[in-house]
Amino acid sequence: MAADVGSSSLQLPCVFSPKSRQYLALCAQDGRLRIWNTDSKTLHQEYVPSAHLSATCICIAWGPCRTVKEGPQRKKRKSEAVQEEKADLLAMGTAAGSVLIYSTAKGALHCTLDGGHSGGVNCVQWHPEDGLLYSGSDDTNIVEWDLQTGKARSKWKADRAAVTSLSVSPDGKLLLSAGQIIKMWDLDTKEIYRKFTGHSSAVTTLRFATTRPPDSNGLYFLSGAAHERLLSVWQVRQDGKDKNSVVSFTLTDEPQHIDLVQSNNKEEAVRLAVVCKDGQLHLFEHFLNGPCKKPLSPSCSVQMSDTKDSPVPIPLLAAALTADKLSVQLAYGNHLQPVMERVEINTAERHICLTRDVQTSLSLTMETSVSKVKTPIVNNKSKVLVPGLPGHQAPVKGTSEKRKKDTDTKEISIVERLGEIDLSTVPSEKGAPKGTASLQTDNFAVLLVQGLESNDASILNKVFQTRKEMVIKKTVARLPLPAVLPLVEELTKRLQGHPFTAVLMVRWLKAVLMHHTSYLASLPDLVTQLGVLYHMIESRVKMFHKLTKLHGKLYLLMTQVATGDSSNTVTEVDHTAKLVYEEESSDEDEASGDEALRDDEDSDNWEEDEVLGEKMEEEQVDEEEGDPDIRRDSKENGEEDMEHGNESEEE
């Protein structure tokens, strides 16, 4: 039976060879395949695919063990009479959609299977006998490969979503495939035999747990999905009422590597070893006989830690069950240099912690004397040409005559460089070249790293004095990841100082959180390292709420005082008319106006009016006596009667 398949690009594939567990295959992030010998604890082989950078390895699976007389090894080992079955072929699914077949006996690539998939290959599974290989991809298809011809025998659409996991039954007649819904296929007809509910997220593991035929109600398989802390067991029933799981195994985290010993009959228990994402190993042993309502806890859990005063957990990479029930083959440490060990485990204890002294430092040597920077000797007569057009001289900026003399004897120190570079402001002239801003931010990033490594306050002060948001963002973006945490610690120290410097430090802290939040979140002890910063921000935010209330009250008070002062300073309104308009009127209007004026006068003026009226009547009588014609006309017109009537009315 093939070993477990690495199913996610986040989890690096790590698989033991079947049966003897002699080899451990590991695929690194750069696409290199490393095969370690578990007996000698040494690197057995290393293979670098031609497209290892563009098409990284996503999943690997060992083929079934075979004797050396089979297949392409017949001529190569004709003189050796070795009849033992060994693990030879290893299938690797790549992100480019191809499947690579590597031979450990040759130590080279056996063949390449191309043209079957248009998306990345997520899972590969071997047929137990017929020399066939099955692959599932992001293009939702399953391809059946024939290794004799190196071509695809058949291809069919398996799901609406990507196919993330595959498993072939022990008799080679059924195939399990899953995206989120689990489907069982008849390999003879390539039609669906059963369909199961599946999981809410992508299924990462499918394994047959028993070797019994499906028509006996004794065929079981298990599945695990991303972001789920359990393994579900499904029963293939003859009546078809098998859409839901019957048993659940509880875990501490998402399963990453699974190895099991299948059950051949009802009296034989299934043995299961699960390595979770948190680096723990859980061992299960259970008799599969119908549904079980309660989730099953592991019979034994194994953790590893180092031997320091404050123990640090060592992550387990893979585990393999052996024929001996008391021992387990483990691989732990890091992927570049794993440690392999066969450990005897007492399953009577529920929790076991193994302490090991693991050297985490890799033996990578590097000659540093070659990378020494030397300043070339430049004479006054020599010309420096700009690459590109011939004859163009580059503008060489000489700071002082002393600098030119010293170039022959010694290199420029960091203090001199700081003095020559004006870090506070850079004048933005129209004729300035476009590359000055990037050049300055590069200098900032280099100086910031140097200041953090050497703990030089003068360098850090120069860098932190800048106020330009764009320069700060680009500088933080160019920082290497190991310098991010020291920068946060330095900013935390400076935030506790004067408020003026705290305003500048907040800009840098904001840029760090914008660019490097994902890196900071991946640190295991982030809470302890950023605890001081968190408590300081929390205390200042509490004061800010009270200050905003005080600010609001003071604002209302000051506005009331201001409005009171403004009301007292209002000047008196001038009532004199700016413009007078008189309209010309007729005699009738004047008479009516006179009558209106008379009606409005006070009663005190009645005597004066009567005296004036009598005088006017006497004058009128005298005029009439002197002129008889006027008197006669007035009598004819009836004016006299009207005048008497008016006088009586006025009286």
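Residues numbered from 1 in each chain as written. Predicted model: local features only at pLDDT ≥ 70, side-chain atom pairs only at ≥ 80, totals over all residues. Heavy atoms only, no water.

Draft legend 1. Spotlight on the overall build of the chain. A count of helical and extended segments in the chain gives 13 helices and 28 strands. Buried residues in the chain amount to 39% of all 651 residues. In the chain, the proportion of contacts linking residues at least 24 apart, taken out of those at least 6 apart, comes to 49%. Carbon and sulfur atoms form 53% of the exposed surface of the chain, whose accessible area is close to 40,400 Å². (Helix = DSSP H or I, 4+ residues; strand = E, 2+ residues; numbered from the N terminus. Buried < 20%, exposed > 50% of the residue type's maximum accessible area, 1.4 Å probe, protein only. Contact = heavy atoms within 4.5 Å. Areas by Shrake-Rupley, 256 points an atom, 1.4 Å probe, with all protein chains shown as cover.)

Draft legend 2. Molecular detail of the nonpolar core. Counting residues in each nonpolar core, the largest one holds 32 residues, and the members touching the most others are Leu448, Phe464, Leu487, Leu491, Leu495, Trp508 and Val512. With eight residues, the single largest contributor to this core is helix α7 (residues 499-521). (Core = buried A, V, L, I, M, F, W, Y, C linked by side-chain atoms within 4.5 Å.)

Draft legend 3. Region of the structure containing the packing of aromatic side chains. Scanning all chains against the criterion turns up nine aromatic pairs. Ring centres of Tyr23 and Trp62 lie 6.3 Å apart, and the angle between their planes is 15 degrees; this geometry places the pair in the stacked category. Of this pair, Tyr23 sits in strand β2 (residues 23-27) while Trp62 sits in strand β5 (residues 57-62); the two residues are 39 residues apart in sequence, bridging distant segments of the chain. Its relative accessible area of 10% is what places Tyr23 among the buried residues. What links up through ring pairs into an aromatic cluster is the set Phe196, Phe208, Phe221 and Trp234. A cation sits over an aromatic face here: Arg194 above Tyr193, 4.8 Å from the ring centre. (Phe/Tyr/Trp six-rings, centres within 6.5 Å; stacked < 30°, edge-to-face > 60°. Lys NZ or Arg CZ within 6 Å of the ring centre and 35° of its normal.)

Draft legend 4. Region of the structure containing helix α5 (residues 469-477). Turning to α5, its buried residues number three or more, namely Val471, Ile472, Thr475 and Val476. Relative to the axis of α5, the buried residues are bounded by an arc of 125 degrees and lie together on one face. (Arc of directions from axis to C-beta.)

Draft legend 5. Structural context of the environment of Leu260. Its location among the elements puts Leu260 in strand β21 (residues 255-261). Taking C-alpha positions, Leu260 is 8.0 Å from Ala320, a pair spaced 60 residues apart along the chain. Each residue touching Leu260, except ones within four places of it in the same chain, is listed here: Arg207, Phe208, Ala209, Leu222, Arg271, Leu272 and Leu321.

Draft legend 6. Layout of the pairing of strand β19 (residues 230-236). Of all seven residues making up β19, six are buried, and the element is well covered by its neighbours. Pairing between strand β18 (residues 219-225) and β19: five bridges, direction antiparallel. Opposite Leu222, over in β19, you have Val233 as the bridge partner. Between the antiparallel neighbours β18 and β19 lie four residues, among them His227 with a positive phi of about 65 degrees. Inspection of the sheet shows β19 paired to strand β20 (residues 247-250) by four bridges, in the antiparallel sense. What sits directly across from Leu230, in β20, is Thr250. (Pairing = 2+ DSSP bridges.)

Draft legend 7. Seen up close, the sheet that holds strand β27 (residues 338-344). With antiparallel pairing, three strands are arranged side by side in an open sheet as β25-β26-β27. Of all strands in the sheet, those with a lone pairing partner are β25 (316-321) and β27, marking the two edges. In this sheet, adjacent strand axes meet at a mean angle of 20 degrees when their direction is disregarded. Two strands pair when backbone bridges link them, and strand β26 (residues 327-333) and β27 are joined in this way by seven bridges, in the antiparallel orientation. (Axes fitted to C-alpha atoms, helices over the stretch in contact; angles between N-to-C directions.)

Draft legend 8. Examining the sheet that holds strand β17 (residues 203-208) more closely. Pairing in this open sheet of four strands is antiparallel, and the strands run β17-β18-β19-β20 from one edge to the other. Only two strands of the sheet have a single partner each, and these edge strands are β17 and β20. With strand direction ignored, the average angle separating the axes of adjacent strands in the sheet is 20 degrees.

Draft legend 9. Structural view of the pairing of β21. Counted residue by residue, β21 has five buried out of seven residues, so it is predominantly covered. Where β21 meets strand β22 (residues 270-276), six bridges bridge the pair, whose relative direction is antiparallel. From the neighbouring strand, Asp259 faces β22, where its bridge partner is Ala273.

Draft legend 10. Region of interest: the environment of Val124. Relative to the elements of secondary structure, Val124 occurs in strand β9 (residues 121-126). With a relative accessible area of 0%, Val124 lands in the buried category. Taking the C-alpha atoms as reference points, Val124 and Tyr134, separated by ten residues in sequence, lie 5.7 Å from one another.

Draft legend 11. Here's a closer look at α7. Over its 23 residues, α7 runs only 28 Å from end to end, short of the ideal 33 Å by more than 12%, given 1.5 Å per residue. Along α7, the sharpest kink reaches roughly 70 degrees, centred on His515. Residues of α7 that are buried include every one of Ala502, Leu504, Met505, Trp508, Leu509, Ala511, Val512, His516 and Leu520, and no others. (Expected span 1.5 Å × (residues − 1). Bend = angle between axes of the 7 residues up to and from the residue.)

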